[in-house]
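Breakdown of the fold
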Amino acid sequence: MNYTVINRDVHIGDIHLIAVTSSAVFLIGDADVINIASAFDTPPESLIIGPFVPIIQRGGQ
């Protein structure tokens with residue numbers, strides 16, 4: 001993906017931030033490069049694979 005940014009003056013007053021989730025970024029200012037990565041951190045014993053419950057539509061459709 002190509003993304004073009006045109007920087008202009010930024011004037012920041014007060015910031016009241018409640019929370020930032022683990023999958024978000026809060027950035028004020030310039031950044032030449034932002035690299036995004038993802039990790040699967042769920043322990044293997046909590047991953048349940050099959051048998052799957054079939055989805056049944058109601059009303060005979």
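The notes below deal with the structure included here.

Calculation rules
- Residues numbered from 1 in each chain as written.
- Predicted model: local features only at pLDDT ≥ 70, side-chain atom pairs only at ≥ 80, totals over all residues.
- Heavy atoms only, no water.
- Helix = DSSP H or I, 4+ residues; strand = E, 2+ residues; numbered from the N terminus.
- Buried < 20%, exposed > 50% of the residue type's maximum accessible area, 1.4 Å probe, protein only.
- Areas by Shrake-Rupley, 256 points an atom, 1.4 Å probe, with all protein chains shown as cover.
- 1 Å grid on protein atoms, 1.4 Å probe; cavity = no way out; pocket = protein on both sides within 12 Å on 5 of 7 lines; lining within 4 Å.
- Points joined across faces, edges and corners; volume = space filled by probe spheres on them.
- Nonpolar A, V, L, I, M, F, W, Y, C, P; charged D, E, K, R; others polar.

Notes on the overall build of the protein chain
A count of helices and strands for the protein chain gives zero helices and zero strands. Taken across its 61 residues, the protein chain has 0% of its residues classed as buried. As presented, the protein chain carries roughly 7,100 Å² of accessible surface, and 56% of it is formed by carbon and sulfur atoms.

Details of the layout of surface pockets
Estimates place the volume of the largest pocket at around 410 Å³. In terms of lining residues, the largest pocket is bounded by 13 residues, among which V5, N7, L27, G29 and A31 are the most central. Classifying every residue of the lining of the largest pocket gives eight nonpolar, two polar and three charged.

Don't take any of this as a statement about function, it's just geometry.
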